[in-house]
Amino acid sequence: MVVAVPPIQFLDDLQQQVSAIQAARRKDHAGNAALGVLLDQLLDGLDTFVNRMYDRYATLEDAPTAMDEPERVTLYHLQRANQVVSNILLRLVSSECVVLDDKDDERMEHAARLMAHLSGRGAAGAITSTWHIPFVADNGQLDTLQVRLHEPTYIGNDIGFKTWGAAPLMAKLLVQQKLIPDLQAVDVLELGTGTGLVGIVCDLLGARSVTVTDYHPSVLTNVAVNIELNQSRCQVAKLDFIHVAQAKDTSWAGKRFPVVIASDLLYEMDHAENLPVAVDQLMADVFYFMIPLRPTHWDEVSLFETKMQKVGLYQRRTTDTEQEEDEGIVRYRLYEYTRNKK
């Protein structure tokens, strides 16, 4: 595993790189192969540094030893980096700094993207982050499961482009508490996969097969990118659980999966009304569902629980937990439903 350079050391190295680039430019404004190498190293290094800003680290309660977590890149560090490199990036974007090789256009676009990231998340557009989920291996040693996720800019109601709080919490339970027993022996269907975090984690933990689904074509395209990023075996398919529940999509009729999983799907009353019907059609044995308990969505939660009972599914377990997030303490609920009381 590559050890991340502490942010302050990176900033010192960055200043030296900028000085070297300025010296190379003074020797020859264009056609300088050495300048091209220096620029590529600068841009690639900045990419890695910026991505660390978006990395996320799950906690591990009762760890046998202290976790060795790398020092995090903060907004302050990005602002410092921006001060160091802004002049170079601006010259690349304006074509004042060129090498006259076949990579000049690529460098210009690369510099423009970095300028957006260094200006703050709101201007950054797409990001690729790494989720770090620590766990205790069978041999008692601490280990970490890493999942890389690409999140493009999302527009309007395309909320599937973001990894919401319930998905990382469910992923953490899968890794640390082996939420799904005998996972290696079951086929898993995920509804509303979003960025694919939960389904990809199931696959990386050795599920026999994992099918990740969503209703939005652009979301599914991004999920395919994340599957490739993680060298996952997950299969991607379009599934709108409302259409399945209302028999508008019959392509899933007769298909049942031993385990169905989902997270954060109760945004509207329509969702609470139709999700239980779809689960009843698609689930063979167990349904795991994680949601945030938002004060604004208690009606949806109540309707969901009532409808699950009406379709004949048994609530084997519910577990509430609290987690500190950017907006404060958020309460989550994990449901486990089966077809019988065993």
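Residues numbered from 1 in each chain as written. Predicted model: local features only at pLDDT ≥ 70, side-chain atom pairs only at ≥ 80, totals over all residues. Heavy atoms only, no water.

With 15 residues, helix H4 (residues 104–118) should reach 21 Å at 1.5 Å per residue; the first-to-last C-alpha distance of 21 Å fits that figure. Of the residues making up H4, those classed as buried are Asp104, Arg107, His110, Ala111, Leu114, Ala116, His117 and Leu118. (Helix = DSSP H or I, 4+ residues; strand = E, 2+ residues; numbered from the N terminus. Expected span 1.5 Å × (residues − 1). Buried < 20%, exposed > 50% of the residue type's maximum accessible area, 1.4 Å probe, protein only.)

So, on to the nonpolar core. In terms of nonpolar packing, the biggest core is built from 39 residues, with Met170, Ile180, Val188, Val201 and Ile261 touching the most fellow members. When residues in this core are grouped by element, the largest group, eight residues, is from helix H6 (residues 166–176). Beyond its immediate stretch of four places on either side in the chain, Val201 contacts Ile133, Leu145, Val147, Ala171, Leu174 and Val175. In this structure, Ile242, Phe257, Ala262 and Met308 belong to the second largest nonpolar core, which totals 29 residues. (Core = buried A, V, L, I, M, F, W, Y, C linked by side-chain atoms within 4.5 Å. Contact = heavy atoms within 4.5 Å.)

Moving on, we get to the pairing of strand E10 (residues 328–338). Most of E10 sits out of view: eight of its eleven residues are buried. As paired strands, strand E8 (residues 283–292) and E10 are joined by seven bridges and run antiparallel to one another. Bridging across to E10, Pro292 finds its partner in Tyr332. Pairing geometry for strand E9 (residues 314–325) and E10, over eleven bridges, is antiparallel. Along E10, the bridge assignment pairs Glu325 with Gly328. (Pairing = 2+ DSSP bridges.)

To find leftover empty space, one rolls a probe the size of a water molecule over the atoms. Counted according to the given criterion, the structure contains one cavity of 30 Å³ or more. Approximately 30 Å³ is the volume found for the largest cavity. Taken together, Asp264, Leu266, Ile291, Pro292, Arg294, His297 and Val301 form the lining of the largest cavity. Class assignment of the residues belonging to the lining of the largest cavity gives a composition of four nonpolar, one polar and two charged. (1 Å grid on protein atoms, 1.4 Å probe; cavity = no way out; pocket = protein on both sides within 12 Å on 5 of 7 lines; lining within 4 Å. Points joined across faces, edges and corners; volume = space filled by probe spheres on them. Nonpolar A, V, L, I, M, F, W, Y, C, P; charged D, E, K, R; others polar.)

What follows concerns the pairing of strand E3 (residues 142–151). Both strand E2 (residues 127–136) and E3 contribute to a ladder of ten bridges, which runs antiparallel. Bridge pairing in E3 links Ser129 to Leu149. Once E2 ends, the chain turns through five residues before running back antiparallel as E3, passing Gly140 with a positive phi of about 85°.

The next thing to look at is helix H11 (residues 298–310). Spanning 13 residues, H11 covers 18 Å between terminal C-alpha atoms, matching the ideal 18 Å at 1.5 Å per step. Taken residue by residue, H11 has Glu300, Val301, Phe304, Lys307 and Met308 as its buried positions. The arc that holds every buried residue of H11, seen down its axis, measures 135°, which confines them to one face. With respect to the buried face of H11, the exposed residues turned more than 90 degrees away are Asp299, Gln309 and Lys310. Of the surrounding elements, those touching the buried residues of H11 are helix H10 (269–282), E8 and E10. Looking one or two places after H11, you find Gly312, whose phi comes out positive at around 95°. (Arc of directions from axis to C-beta.)

With respect to topology, three strands assemble into an open sheet ordered E1-E2-E3, the strand pairing being mixed. In this open sheet, the two strands that pair with only one neighbour each are strand E1 (56–57) and E3. Summarising the sheet, E1 and E2 pair through two bridges and their orientation is parallel. By the bridge assignment for E2, Arg56 is matched with Trp131. On top of the sheet, helix H7 (residues 197–204) reaches E2 and E3; it is set at about 140° to E3, its chief contact. (Axes fitted to C-alpha atoms, helices over the stretch in contact; angles between N-to-C directions.)

Right, let's get into the pattern of salt bridges. For side chains of opposite charge, pairing can occur when their charged atoms come near one another. With the rule as written, the count across this model stands at 16 salt bridges. In this structure, Asp40 engages Arg107 in a salt bridge whose closest nitrogen and oxygen atoms are separated by 2.8 Å. Highlighted residues: Asp40 in helix H2 (residues 33–53) and Arg107 in helix H4, separated in sequence by 67 residues. Of the two residues, Asp40 and Arg107, neither departs from the other in class, the shared state being buried. The residue Asp101 makes a salt bridge to Arg107 at a minimum N-O spacing of 2.9 Å. For Asp101, a relative accessible area of 31% puts it in the partly exposed group. You can call Arg107 buried: its relative accessible area is 3%. (Salt bridge = Lys/Arg side-chain N within 4 Å of Asp/Glu carboxyl O.)

None of the figures reported here should be taken as evidence of function without further support.
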